[in-house]
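# Structural description and commentary
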Amino acid sequence: MSLKQTAIDTLSKNDRGRFTIPTEGLYPYQWNWDSAFIALGLATYDMERAWAEIISLIEGQWPDGMIPSIIFRSDDTDYFPGPSRWGNTLGSTPSTGVSQPPVLATIVRQITEGPQGAARRAEVFDQIFAWHKWFHEARTVDGIVATVHPWETGRDNCPEWNIGLDLMQVAPDLPPYTRMDNKHVDPSFRPTQEQYDKYLTIVHFGDSIGWDQRRLTDEGPFLMADPNIHFVLLRADKDLLAMATEMGKPADIRDQISAWIAKGEAATDYLWSDDLGAFVARDIRSGAFSTGFSNCSALCFYADSGTHMQRARTIENLKRIAGKVEHLLPSWDPDADGFEAQRYWCGPLWPQMNYMTARGLDEQGEAELAMQVRNGLCDAIEKSGFWECFNPLTGAGCVGSNFSWTAAIWLSWQHETKLEGVA
Ligand code: GLC
């Protein structure tokens with residue numbers, strides 16, 4: 001069977017009607033940025049179904065504008081932390097109390113391109129605008145978009161978060177729990193117990209303040225700035241502005257988005273570590289920088305942000321790392337402390353990150369490096385199949401198999417390649 005057909009079959013197998021789960025067992029619900037990438041893949045062969053994916057994601061939106069990281073449409077005893085652990089969250093459907101990187105606007109713009117997509121863009125514009133507003137208001141501290149939980153960044157246990165987690169204490173009244181992730185996959189691929197206790201401490205705090213998002217940002221136990229959320233949001237704001245302009249939205253809406261973009265451009269420098277020559281995470285309260293180049297460091301290209309010097313040093317780092325791995329782009333710097341080729345966000349390459357990085361490099365005239373990042377993933381898929389993530393040294397699949405976003409990104413690239421007429 002062709003890989004294209006296997007990719008379509010993978011998405012069908014994970015299809016739950018109007019939304020798609022990432023993979024059976026490990027992730028039995030709808031995840032936010034997964035759904036956006038899944039829609040990208042579905043749109044290559046079934047636009048109606050792709051659109052249902054997006055609408056079902058938006059249905060999880062809270063009254064304050066946030067779209068949560070997971071929407072719980074059932075209570076699966078095989079998953080932890082499920083709806084009861086998150087407590088009284090504020091959407092009409094039970095969910096987590098944190099968000100995820102907002103790739104939605106960019107993907108909506110891409111898949112609805114042209115006059116025939118106008119009605120669809122109009123259908124979701126206000127909700128996406130409200131979500132971005134939420135990031136710029138409830139999650140912003142001194143002009144910097146913050147994150148309150150490593151899970152919100154989508155890069156759960158990347159060593160970037162250690163500087164923030166080290167400043168935290170585990171809540172003395174943390175209710176006991178049993179992890180389920182380690183029952184589905186090899187525990188040596190997954191986050192450690194101490195990390196898990198801290199993740200749940202933040203959840204416990206959010207629940208204790210009734211998920212008031214402004215208080216969670218200001219008073220929560222963890223407060224960092226993430227280049228992933230920063231660059232993804234900046235890019236998405238630019239796509240939102242382009243849609244607003246095409247749609248003839250009133251000046252106050254366009255001015256508001258332009259102000260977010262200006263704020264974002266100004267904040268890019270905050271994430272720049274001159275020592276490393278890289279965009280890295282920072283603890284907002286202590287100002288400390290994280291200590292390595294990650295697989296979101298080069299998203300400055302995707303967001304079309306950063307100075308000439310910052311981009312040149314980013315490329316130097318990418319080339320250095322290319323010399324250390326078989327498959328770009330590892331999630332953590334192979335030369336930094338904490339690199340582990342198979343443990344979740346400590347080393348493996350992640351499909352959606354390669355996708356965004358390659359796209360940004362391509363758009364900004366770095367075609368050769370873009371191709372290397374794209375091939376890093378495609379070669380791993382050809383070797384191992386549609387895994388959640390891959391060992392960057394060998395291309396072996398890690399954690400979950402039959403993974404939706406991996407299949408979707410493969411389909412999206414096959415489709416683009418066909419459009420370009422490239423073999
Ligand atoms: C993991 C990833 C996160 C993803 C989720 C579902 O938690 O870190 O980014 O959204 O799995 O695939």
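The present account deals with the structure reproduced in this document. (Residues numbered from 1 in each chain as written. Predicted model: local features only at pLDDT ≥ 70, side-chain atom pairs only at ≥ 80, totals over all residues. Heavy atoms only, no water.)

## Looking at helix H3 (residues 47-58)
What counts here: Strands are runs of DSSP state E lasting at least two residues, helices are runs of H or I lasting at least four, and both sets are numbered from the N terminus onward. The span you would expect from a helix comes to 1.5 Å times its residue count less one. Only protein chains enter the accessibility calculation, which uses a 1.4 Å probe. A residue is then buried if its area is under 20% of the maximum for its type, exposed if over 50%, and partly exposed in between. Here, two residues are considered to be in contact whenever any of their heavy atoms come within 4.5 Å of each other.
The terminal C-alpha atoms of H3 lie 17 Å apart, and with twelve residues this matches the ideal 16 Å at 1.5 Å per residue to within 8%. Most of H3 is tucked away: ten of the twelve residues are buried. Among the residues making up H3, those that are buried are Arg49, Ala50, Trp51, Ala52, Glu53, Ile54, Ile55, Ser56, Leu57 and Ile58. Residues of H3 that are buried make contact with strand S1 (30-31), helix H2 (32-42), strand S2 (70-71), helix H5 (104-111) and helix H6 (118-137).

## Observations regarding the site of the ligand
For the record, the criterion: Only heavy atoms are used to decide nearness, and a residue is near a molecule or strand if one of them lies within 4 Å of it. Side-chain atoms alone can form a polar contact between residues adjacent in sequence; in general such a contact is a pair of N or O atoms within 3.5 Å, and within protein one must be able to donate a hydrogen while the other accepts it. Surface accessibility in these figures is a Shrake-Rupley result with a 1.4 Å probe; residues are shielded only by whichever protein chains are displayed. Gly is put with the polar residues, along with every residue not named as nonpolar or charged; the nonpolar set is Ala, Val, Leu, Ile, Met, Phe, Trp, Tyr, Cys and Pro, and the charged set is Asp, Glu, Lys and Arg.
Not every one of the 13 residues close to the ligand is listed here, only the nearest: Asp34, Gly154, Asp156, Tyr344 and Trp345. Between the ligand and glutamine 100 there is a distance of 3.0 Å, counted from an oxygen atom to a side-chain nitrogen or oxygen. The contact in question runs from an oxygen atom of the ligand to an N or O atom on the side chain of tyrosine 344, over 3.4 Å. The protein chains hide 96% of the 310 Å² of surface that the ligand would expose on its own. Per-class residue counts for the shell around the ligand are eight nonpolar, two polar and three charged.

## So, the pattern of salt bridges
What counts is decided by this rule: Any carboxyl oxygen of Asp or Glu within 4 Å of a side-chain nitrogen of Lys or Arg constitutes a salt bridge here.
As enumerated under the stated definition, the model contains 28 salt bridges in all. Of the charged contacts, one joins aspartate 15 and arginine 49 as a salt bridge, the two residues approaching to 2.9 Å between their closest N and O atoms. Here arginine 49 lies in helix H3 and aspartate 15 lies in the loop between helix H1 (3-13) and S1, a separation of 34 residues in the sequence. A salt bridge links arginine 374 to glutamate 416; the nearest nitrogen and oxygen atoms lie 3.8 Å apart. Placement of the pair is arginine 374 in helix H16 (residues 367-384) and glutamate 416 in helix H17 (residues 404-420), with a sequence separation of 42 residues.

## So, the packing of helix H15 (residues 351-363) against H16
The cut-off we apply is this: Every angle, taken between N-to-C directions, lies between 0 and 180 degrees, and every axis is a line fitted to C-alpha atoms, over only the stretch in contact when it is a helix. In this scheme, roughly parallel covers angles under 35 degrees and roughly antiparallel covers those over 145, while 65 to 115 is roughly perpendicular and the rest are oblique. In a left-handed crossing the near helix is turned counterclockwise from the far helix by less than a right angle, and in a right-handed crossing that turn is clockwise.
Relative to each other, H15 and H16 sit at 165°, their axes nearing to 8 Å. Taken together, H15 and H16 sit at an angle that is classed as roughly antiparallel. As H15 packs across H16, the resulting crossing turns out to be left-handed. On H16, the residues that touch Pro351, Asn354, Thr357, Ala358, Leu361 and Asp362 of H15 are Ala367, Leu369, Ala370, Val373, Arg374, Gly376 and Leu377. Looking at the contact of H15 with H16 residue by residue, the classes come out as eight nonpolar, three polar and two charged.

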